[in-house]
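# Fold and contact review
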Amino acid sequence: ARPVKLAPSILSCDFAHLADELGAIAGADWAHVDVMDGMFVPNISFGLPILAAARRASNLPLDVHLMIERPERYLKDFAAAGADSMTVHVESTPHVHRAVQQIRELGKRAGVTLNPGTPLEAVRPLLGDVDLVLVMSVNPGFGGQKFIPASLERIRTLRRWLDEMGSDAELQVDGGVSSTNARAVVSAGATVLVAGSAVFGPGGAKAGLERLREALK
Ligand code: DX5
Ligand code: ZN
């Protein structure tokens, strides 16, 4: 089996104690950083200064999920603020391929993603040029939503396409992932699990991360 990476989403953490929260997930593989602009999604989260603060407080690779209109305007800034990977939505720009090229030119891992209502074909032309494909298993904008069951079939299809191409791109899943469905998501072919509310819940993030790891054993 392929190694599975865990990427807690700091969207659900206590921002008044960001450094402590990042410390609690030091045993994770990546920290997932959700940037929302109130335009592409109906919520505003945070932007460059918080990413820079996370960079100072953690050694984890910072995996930045850009839920913003025309992300190409800010790729350079997010790279400078400490992003190790940047994932853009196919719905957020008419030039998603150019955005992916720009991420790689900045020396960062390039990811592409799509909303649950967008046909998978929208990412197919990009698969040879990305390091990561993200399947959204909720409608982006908020933490704590329920996993959309039809996502499993979408993960399987992308798994098949990547395997057929011989691609070793990561297949990431984001939204409603918890210890109750983590195994099924990995069985469908995911290699990176994002989890916000399931990690930063009652009992603390260290225990939350441990629950997720246990569920995958
Ligand atoms: C949703 C974000 C997710 C979110 C996941 O728009 O992209 O990364 O933090 O939160 P949970 O795991 O609570 O669904
Ligand atoms: Zn996300």
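Residues numbered from 1 in each chain as written. Chains lettered and ligands numbered in written order. Predicted model: local features only at pLDDT ≥ 70, side-chain atom pairs only at ≥ 80, totals over all residues.

### Quick word on the pairing of strand E5 (residues 109-114)
- Of all 6 residues making up E5, 6 are buried, and the element is well covered by its neighbours.
- Residue alternation in E5 divides its side chains into two sets, Arg 109, Gly 111 and Thr 113 and Ala 110, Val 112 and Leu 114, and both sets are buried.
- Pairing between strand E4 (residues 85-89) and E5: 5 bridges, direction parallel. When the sheet's bridge partners are listed, Ser 85 is paired in E5 with Arg 109.
- On the question of chirality, the crossover connecting E4 to the parallel E5 by way of helix H4 (residues 96-105) is right-handed.
- As paired strands, E5 and strand E6 (residues 132-136) are joined by 4 bridges and run parallel to one another. Pairing of Gly 111 across the sheet is with Leu 132, part of E6. (Buried ≥ 20, exposed ≤ 12 C-beta atoms within 10 Å, placed from the backbone. Helix = DSSP H or I, 4+ residues; strand = E, 2+ residues; numbered from the N terminus. Pairing = 2+ DSSP bridges. Right-handed = clockwise from strand over helix to strand, strands pointing away.)

### A few points about the UniProt feature "binding site: a divalent metal cation" (unreviewed entry) in the protein chain
- UniProt feature "binding site: a divalent metal cation" (unreviewed entry): in the numbering of this structure it lies at His 32, Asp 34, His 65 and Asp 174. Spatially, the listed residues are clustered: although they cover 143 residues, their C-alpha atoms lie within 10.5 Å of one another.
- If you trace the backbone, His 32 turns up in strand E2 (residues 31-36).
- Look past the residues within four positions of His 32 in its chain and what remains in contact with it is Ala 7, Pro 8, Ser 9, Asp 63, His 65 and Val 194.
- With 27 C-beta atoms counted inside 10 Å, the residue His 65 sits in the buried group.
- When residues no more than four places from it in sequence are discounted, the contact partners of His 65 are His 32, Val 33, Asp 34, Val 35, Thr 87 and Asp 174. (UniProt positions renumbered as here; feature names shortened; annotations may be inferred. Contact = placed C-beta atoms within 7 Å.)

### Notes on the UniProt feature "active site" (unreviewed entry) in the protein chain
- UniProt's feature table lists "active site" (unreviewed entry) at Asp 34 and Asp 174, given in the numbering used throughout. Spanning 141 residues, the named residues form one tight spatial group whose C-alpha atoms are at most 10.5 Å apart.
- As for its position among the elements, Asp 34 is in strand E2.
- Asp 34 sits in the buried class, given 24 other C-beta atoms within 10 Å.
- For Asp 34, the contacting residues outside a window of four places in its chain are Ser 9, Leu 11, Ser 45, His 65 and Met 67.
- Counting through the fold element by element, Asp 174 comes out in strand E7 (residues 170-174).
- Residues contacting Asp 174, with those up to four places away along its chain left out, are His 65, Leu 134, Met 136, Ser 137 and Val 194.

### As for the environment of His 95
- Among the secondary structure elements, His 95 is positioned in the loop between E4 and H4.
- For the pair His 95 and Pro 71, spaced 24 residues apart in sequence, the C-alpha separation works out to 9.8 Å.

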